[in-house]
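# Structural characterization, general
Here is how the chains run, residue by residue.
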Amino acid sequence: MPSALFVLMLLAALCSLGCAMSRDEKLKLRNQVVEMFDHAYQNYMDHAYPADELMPLTCRGRVRGLEPSRGDVDDALGKFSLTLIDTLDTLVLLNKTAEFEAAVRRVLSDVRLDNDIVVSVFETNIRVLGGLLGGHSMAVMLKEEGQHMRWYQDELLHMAKDLGLRLLPAFNTSSGLPYPRVNLKYGVRGPESRTGTETDTCTACAGTIILEFAALSRFTGDPVFEAHARRALDFLWEKRQRNSNLVGTTINIHSGEWVRRDSGVGAGIDSYYEYLLKAYVLLGDEQFLQRFNIHYASIMKYISQPPLLLDVHIHKPLLPARTWMDSLLAFFPGLQVLKGDIRPAIETHEMLYQVTKKHNFLPEAFTTDFRVHWAQHPLRPEFAESTYFLYKATGDPYYLEAGRTIMDNLNRFARVPCGFAAMKDVRTGSHEDRMDSFFLAEMFKYLFLLFADPEDLRFDVEDYIFTTEAHLLPLSLSTTPHVSSVPPNQTIPQVEQEELDDSNFDWTCPNTRLLFPDPAFPRNLREPIRSAVDRSCPRPAPYREPGMGAPPLRAQDFMANNPEHLELLRRMGVSLIHLKDGRVQLVQHATQAVSPIAAEDGVRFMQEMMELSSQQQKEQLPPRAIQIVSHPFFGRVVLTAGPAQFGTDLSKSATGVRGFVTVAEPYTGCGEITNGEEVQGHIALLQRGQCMFAEKARHIQKAGAIGGIVVDDNEGSSSDTAPLFQMAGDGRSTDDIALPLLFLFHKEGNILLEALKEYRQVEVLLGDKARDRGEAAIFKGKPLPGSLFEGSADVREAEEDCQTEATSPTASESEATTTTSGKDGDASPTGGEDVGPAEDVGPAEADAPKADGGEEEEQRVDGAGRSADRLLADWRDDLEAFRQMEKDEL
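Described below are features of the structure shown in this document. (Residues numbered from 1 in each chain as written. Predicted model: local features only at pLDDT ≥ 70, side-chain atom pairs only at ≥ 80, totals over all residues. Heavy atoms only, no water.)

## So, helix α16 (residues 437–451)
Its 15 residues place the ends of α16 22 Å apart at the C-alpha level, agreeing with the 21 Å of an ideal helix rising 1.5 Å per residue. Buried residues dominate α16, accounting for 15 of its 15 residues. (Helix = DSSP H or I, 4+ residues; strand = E, 2+ residues; numbered from the N terminus. Expected span 1.5 Å × (residues − 1). Buried < 20%, exposed > 50% of the residue type's maximum accessible area, 1.4 Å probe, protein only.)

This is the structure in structure tokens:
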């Protein structure tokens, strides 16, 4: 028996290294992709159409102007049924021709493009114009087959031209670079347009036009669109940094000056490089390939540090611009496959795969040692895209297993009753109420193609090019006449002709069978990368300055409402200032200390406080999860919650606390609970305010509650926009509190309250992360696929993900300032500016009456021994980069 077991284990190990997947298994997975698509698409049609996007947690459509603004993210929404248009060619690829025909009829009858609304030129081009052109390509193909769409008379193409004409005013600049936004009805000029004052755009925003505009020109015979797109690309090429041959992230559309000079292959630049290479493939113009190859050589020289891809400065390309990577760069291995450079594609993809296995999804940004930098994941498809292209290039079944992992994680962690919800925090499994159109446009295309055989497709995908939104444009467009973007009286400068010498470039992709004669070669490339990720995240001991005794007050013990602590601060020359927004600012003046020794203690206290706060910021102390487990949610809806510094520590509980939710009376929980019989044995729901958090906990505990949830009373607050915090005690011992207490912002609390209104019995699980969501009801009687249950190897890997960084404080100064933050925003040395992403859980906040504005305070302090100005500058850079990602493709 043991020998038989050993043989089975050996076979399993060998198969994990490269056994071919059976046809039946691929068929099963392909059918599962179709079922997942149906779940997302049908819920959009049932609950959201004709709105632009589905809000899967609340089962309704997202209509711009009716929902709270999300800033630049909403610029993709134009009241033109975005998700339906973005999904048209996906329907055909998945062999849903009847649904495609019905969808086209809906678009033609329901969609208007003359709305008085300001939209992103970039997003509208790749999603809507690309969707219409991809739909037109599929309609023509089906009509030629003779069975479907026989009534079609290029109606989608006419809509595409109408939309193209509405985008053209954005290109009315001296440089030819488009404005980032345009009003669909009024263009970019005049008060009616409410746009046209912008000066900057991202490189990808201006350089990701050529495929759609050239296709529109060649389909319609009108050269104006392709000419404008070529002019924009020509200008970007002229403005590249001539020594490094790299481009920056943001450019002034009038002067051509680089506004942001960092350069990479992720957010802000990504699809510019993609479209240079794909424009050559689609249009046959060798100039595009020449330019791409020059850029690519610089990328591999400066940015690529296999398996990492790190941003650099265009003028100093040997100087790194940041120590983290964003998830949009996951497309790059797929582009390298198209280029024919397979080895670095395998290496970078493997790094991304290992990060995915640590966190279930690629975090929106992660550090070079694979810690979470930004924890969101809006169901991006780029990793699936590269997985598909690497499988096409190598035939290695390893990539089929990577695709299976993507599907399992989507089903286990993102699937909800009304579709698939974006991940708000990959560490806890909490959700965000969004399902972007690109999820249907791209994710299911690449997953279906990954598991499909040629006979499963009604057309040959090799006859098409994928746009950056995965829309299908026919390669036959390369034979259609076009107008050159170079005027007759202008020639390419001689220096450029020398740079673009044909002898410098390879013009064909290599035969991968000759490139990899040894089938183990790709595996040999992957192994050291897997080991590097597994060995990441060292945990150094926290810094202690040698020769210094213990100070009279430790930073981790400090409470802003403790009179004894305040007196100790006064003696050390540290003053505490209550700001108008409820935050507390600490300022240290050495000259005001009672003695030189006390002043020295004050300096050490401030350094320790800054180090503590910085460590907590870097640790990104994981928030808690409130998982709705009762019908019809079955654990599919997870809300991000803040923990308390007292009561049950859910991170040490293997099972969490499970119970039905009951609204406490009084709702504030600031007096004796009057509905104790209902609260007993249940989880009490409370409102924030009027007393301390610890007092609320004691009252519901006395009533027999097994847990508590405090909902913010600040209407509209959300963990999307405000950082979570730990609820602090009341200045005295909280050892008597034995139940867990979690905090929800108003938006997340409203989801729970709405569930209580709709379903009288709502059961939740309070935990440190979402538990198993494998309920059969979600799959209509079938068990949930996958093996990533709580306690599995992958989950344990995620639990072991390092989240700490120790830093040494710099030399102290005679005067130090630091700030603890109140309800609204991260800590800021300047007091009041929200300077960081809202995913971090800060130290502590004590619930208290709000009348005087100073009693309710978060004990959140920023710094790590660096100056406050330096910290603020770093956070601003991160915030600007995050907002840029939102502009690019969220």
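## A few points about the nonpolar core
The biggest cluster of nonpolar side chains holds 171 residues, and the ones touching the most others in it are F100, I210, Y273, L410 and F420. Counting residues per element, this core draws most heavily on helix α5 (residues 121–145), at 11 residues. Contact partners of I210, with chain neighbours within four places excluded, come to A215, E226, A229, R230, L233, Y275, A279, L283 and F288. (Core = buried A, V, L, I, M, F, W, Y, C linked by side-chain atoms within 4.5 Å. Contact = heavy atoms within 4.5 Å.)

## Examining the pattern of salt bridges
Within the structure shown, the criterion is met by 48 salt bridges. D72 is paired through a salt bridge with R181; the nearest N and O atoms lie 3.0 Å apart. Of this pair, D72 sits in the loop between β2 (60–62) and α3 (82–93) while R181 sits in strand β4 (residues 181–183); the two residues are 109 residues apart in sequence, bridging distant segments of the chain. Here D72 falls in the partly exposed class, since its relative accessible area comes to 27%. Residues D425 and R427 are paired through a salt bridge, measuring 2.7 Å at the closest nitrogen-oxygen approach. With relative accessibility at 12%, the residue R427 sits in the buried group. Salt bridges here are not isolated pairs; linked through shared partners, they connect E53, R70, D74, E123 and R127. (Salt bridge = Lys/Arg side-chain N within 4 Å of Asp/Glu carboxyl O.)

## Observations regarding the packing of aromatic side chains
Under the definition given, this model contains 27 aromatic pairs. Both rings, one in W151 and one in Y152, keep their centres 6.2 Å apart while their planes meet at 80°; by these two values the pair is edge-to-face. Since its relative accessible area comes to 24%, W151 is described here as partly exposed. Judged by relative accessible area, Y152 falls into the buried class, the value being 1%. Three or more aromatic residues joined by ring pairs make a cluster, and in this case those are F37, Y41, F420, F439 and F444. Lying across the ring of W237, R240 places its NZ or CZ 3.8 Å from the centre. (Phe/Tyr/Trp six-rings, centres within 6.5 Å; stacked < 30°, edge-to-face > 60°. Lys NZ or Arg CZ within 6 Å of the ring centre and 35° of its normal.)

## Thoughts on the state of the cysteines
Considering all chains together, one arrives at three disulfides under this definition. At a sulfur-sulfur separation of 2.1 Å, the disulfide partner of C670 is C691. Across the S-S bond of C670 and C691 the torsion is about -85°, and the bridge reads as left-handed. Linking C670 in the loop between β25 (657–663) and α22 (676–679) with C691 in the loop between β26 (683–687) and α23 (693–702), this pair joins segments that are 21 residues apart in sequence. (Disulfide = S-S within 2.5 Å.)

## A look at empty space enclosed by the protein
This structure, assessed with the given rule, holds six cavities of 30 Å³ or more. Here the largest cavity is characterised by a volume of approximately 180 Å³. Contributing to the lining of the largest cavity are 15 residues, with F361, L362, H377, R380 and F383 lying nearest its centre. Broken down by secondary-structure element, the contributors of at least two residues to the lining of the largest cavity are α14 (382–394) and α15 (398–414). The residue inventory of the lining of the largest cavity, partitioned by class, reads eight nonpolar, five polar and two charged. (1 Å grid on protein atoms, 1.4 Å probe; cavity = no way out; pocket = protein on both sides within 12 Å on 5 of 7 lines; lining within 4 Å. Points joined across faces, edges and corners; volume = space filled by probe spheres on them. Nonpolar A, V, L, I, M, F, W, Y, C, P; charged D, E, K, R; others polar.)

## What to know about the side chain of N675
Structurally, N675 is set in the loop between β25 and α22. In this structure the side chain of N675 is engaged in a polar contact, spanning 3.0 Å, whose partner is the backbone oxygen of V663. Those residues within four positions of N675 in sequence are excluded, and the remaining contacts are T662, V663, A664 and E665. (Polar contact = N/O pair within 3.5 Å; in protein donor to acceptor, adjacent residues only side chain to side chain.)

## Here we look at the sheet that holds strand β12 (residues 324–326)
Pairing is antiparallel in the open sheet, where three strands are placed in the order β12-β13-β14. Bordering the open sheet on either side are β12 and β14 (372–374), each of which pairs with just one other strand. If you compare each strand with its neighbour and ignore which way they point, the axes differ by 30° on average. Of the pairings in the sheet, the one linking strand β13 (residues 365–367) to β14 comprises two bridges and is antiparallel in character. Opposite A365, over in β14, you have W374 as the bridge partner. (Pairing = 2+ DSSP bridges. Axes fitted to C-alpha atoms, helices over the stretch in contact; angles between N-to-C directions.)

## Quick look at unusual backbone geometry
With omega at 0°, the peptide bond leading from H631 into P632 counts as cis. Inspection of the secondary structure puts P632 in the loop between β23 (624–628) and β24 (637–641). Cis rather than trans, the peptide bond between E665 and P666 has omega equal to 0°. Positive phi, close to 65°, is recorded for D154, a residue that is not glycine. Topologically, D154 is positioned in the loop between α5 and α6 (155–167). Residue classification places D154 among the partly exposed residues on the basis of a relative accessible area of 30%.

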